[in-house]
Structures are given as structure tokens and as C-alpha cells.
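# Fold and contact review
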Amino acid sequence: MYKVLLVEDEAQIRAGLKTLIEDVIGHFRVAKDAKSAVEALAWITTDRPDVIVTDIRMKEMSGLDMIERVRDLYPDIPIVIISGYDEFEYAQRAIRYKVEEYLLKPIDRVELAQIFMRLKHKLDGARAGEASAAEADREGSESERKIILDMKAIIQ
């Protein structure tokens, strides 16, 4: 089970993402759901997440400013940005900070599930080493198919 730091200032979106990550996608649990980047940074100094999912525009500090600080501490943590803004400047900074994905709201649940399955493969490979990464890919493909079928059933 991989730990996720979820940073989103809108409570309803935060709750929906948490449910989606934990109950639908699986293999991940939200270890901390922060309502601000400041709160997230305070938590990250005491516990290291495996993945960070963050919004960009928040009060006090932007998600991009938070990512810049996180990269100083943990340059290899996968980060997924979820934003309602498709401004080019944001995308440029996201690339500079080596984020894994940049998703626009409203979120496509199937796309998010696929992103998390790729992250799971990456994290599995890092934990188990390159020799077992091929085995994880085979298992992941089956898990990914099951998740997509479950998502389709939920949507229907």
C-alpha cells in the first residue's frame, strides 16, 4: 500500500479524490489530506509520502510553490497536479519541477486510474528492483483491466 499526500483546498473535491484513490483505484491510501500547501509542507517534514496529488491555486501558497519546496527535500517523489487552469505558465513550471502528470478539472476518472496504475508500477519497480519490475507489469495489466471494468460498471 502506497501513501498519498492529497492537497486540495476544496473540501468536496478533496473528499471525492480520496474516495476515488482509496476505494476505486486501490493499492494507495491517502495518508494526509491537506486543505493547503502550508499544511502539506508541515506534514511532509514528519512523514514521507510515496505520491503527492495537488491543486495549483490555493490560498497562502500555490501548489507550484509547494512543489518547488518539496523537490528540495524529495526530488524523486511522483507528483500529480490537478487544476482547473490550463495556463501555459503553469504547465511550464510543472515540467521544470518534473511532475508526473498535469490533469485538468473535471477529472476523467479512468485517466486518473490509469495514471495511478503507472505510478504503482513505477513504485513497485523502485521497491523490488528492476528484476521484479517485469512481473509487476504483468500483474499491473490485470489489475488495470479490473479497475477499468469496475469504473465502467460504476459509471453505468
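Quick caveat: nothing in here was measured; it's all calculated off a predicted structure.

## Looking at the pattern of salt bridges
- Counted according to the given criterion, the structure contains twelve salt bridges.
- Here Arg 127 makes a salt bridge to Asp 50, at a shortest N to O gap of 3.9 Å. Remark: Asp 50 occurs in the loop between helix H2 (37-44) and strand S3 (51-54) and Arg 127 occurs in helix H5 (residues 109-128); sequence separation between them is 77 residues.
- Residue classification places Arg 127 among the exposed positions, given a relative accessible area of 54%.
- On the basis of relative accessibility, which here comes to 14%, the residue Asp 50 falls in the buried class.
- Asp 55 is the partner of Lys 105 in a salt bridge, and the nearest nitrogen-oxygen pair spans 3.5 Å. Here Lys 105, found in the loop between strand S5 (101-104) and H5, pairs with Asp 55, found in the loop between S3 and helix H3 (63-73); they are 50 residues apart in sequence, far enough to count as distant.
- For Lys 105, a relative accessible area of 24% gives the class partly exposed.
- One salt-bridge network, in which partners are shared between bridges, spans Glu 8, Asp 55 and Lys 105.

## So, H2
- Here H2 has its buried residues at Ala 37, Ala 40, Leu 41, Trp 43 and Ile 44. Along the axis of H2, the buried residues cluster in a sector spanning 160 degrees; they form a single face.
- On its buried face, H2 is in contact with strand S1 (2-7), strand S2 (28-34), S3 and H3.

## A short note on the sheet that holds S3
- Pairing in this open sheet of five strands is parallel, and the strands run S2-S1-S3-S4-S5 from one edge to the other. Of all strands in the sheet, those bounded by a partner on one side alone are S2 and S5. Along the sheet, successive strands turn relative to each other by an average axial angle of 20 degrees, direction set aside.
- Sheet topology places S1 next to S3; four bridges connect them, and they run parallel. Note on S3: the bridge partner recorded for Leu 6 is Val 53.
- Along the sheet, helix H1 (residues 11-25) contacts S1, S2, S3 and strand S4 (79-83); its crossing angle with S2, the most-contacted strand, is approximately 165 degrees.

## Some words on the pairing of S5
- With four bridges connecting them, S4 and S5 associate as parallel partners. If you follow Val 80 over to S5, its bridge partner there is Glu 101.
- The handedness of the S4 to S5 crossover, carried by helix H4 (residues 88-96), is right-handed.

## Overview of the side chain of Ser 83
- With respect to the secondary-structure elements, Ser 83 resides in strand S4.
- Residue Ser 83 is classed as buried on the basis of its relative accessible area of 0%.
- Apart from residues lying up to four places away in sequence, Ser 83 is in contact with Asp 55, Ile 56, Tyr 102, Leu 103, Leu 104 and Lys 105.

## Some details on the packing of H3 against H4
- For the pair H3 and H4, the least separation of the axes is 10 Å and the interaxial angle reads 10 degrees. The pairing of H3 with H4 is recorded here as roughly parallel in orientation. Residues Leu 64, Asp 65 and Glu 68 of H3 pack against Tyr 90, Arg 93 and Ala 94 of H4.

## Brief notes about the pairing of S3
- Along S3, one buried face is formed by Val 51 and Val 53 and the opposite face, lined by Ile 52 and Thr 54, is buried too.
- Pairing analysis gives three bridges linking S3 to S4, with the strands arranged parallel. Residue pairing in the sheet places Ile 52 in a bridge with Ile 79 of S4.
- Note that the unit made of S3, H3 and S4 has a crossover that is right-handed.

Conventions adopted
Residues numbered from 1 in each chain as written. Predicted model: local features only at pLDDT ≥ 70, side-chain atom pairs only at ≥ 80, totals over all residues. Heavy atoms only, no water. Salt bridge = Lys/Arg side-chain N within 4 Å of Asp/Glu carboxyl O. Helix = DSSP H or I, 4+ residues; strand = E, 2+ residues; numbered from the N terminus. Buried < 20%, exposed > 50% of the residue type's maximum accessible area, 1.4 Å probe, protein only. Arc of directions from axis to C-beta. Contact = heavy atoms within 4.5 Å. Pairing = 2+ DSSP bridges. Axes fitted to C-alpha atoms, helices over the stretch in contact; angles between N-to-C directions. Right-handed = clockwise from strand over helix to strand, strands pointing away. Parallel < 35°, antiparallel > 145°, perpendicular 65-115°, else oblique.

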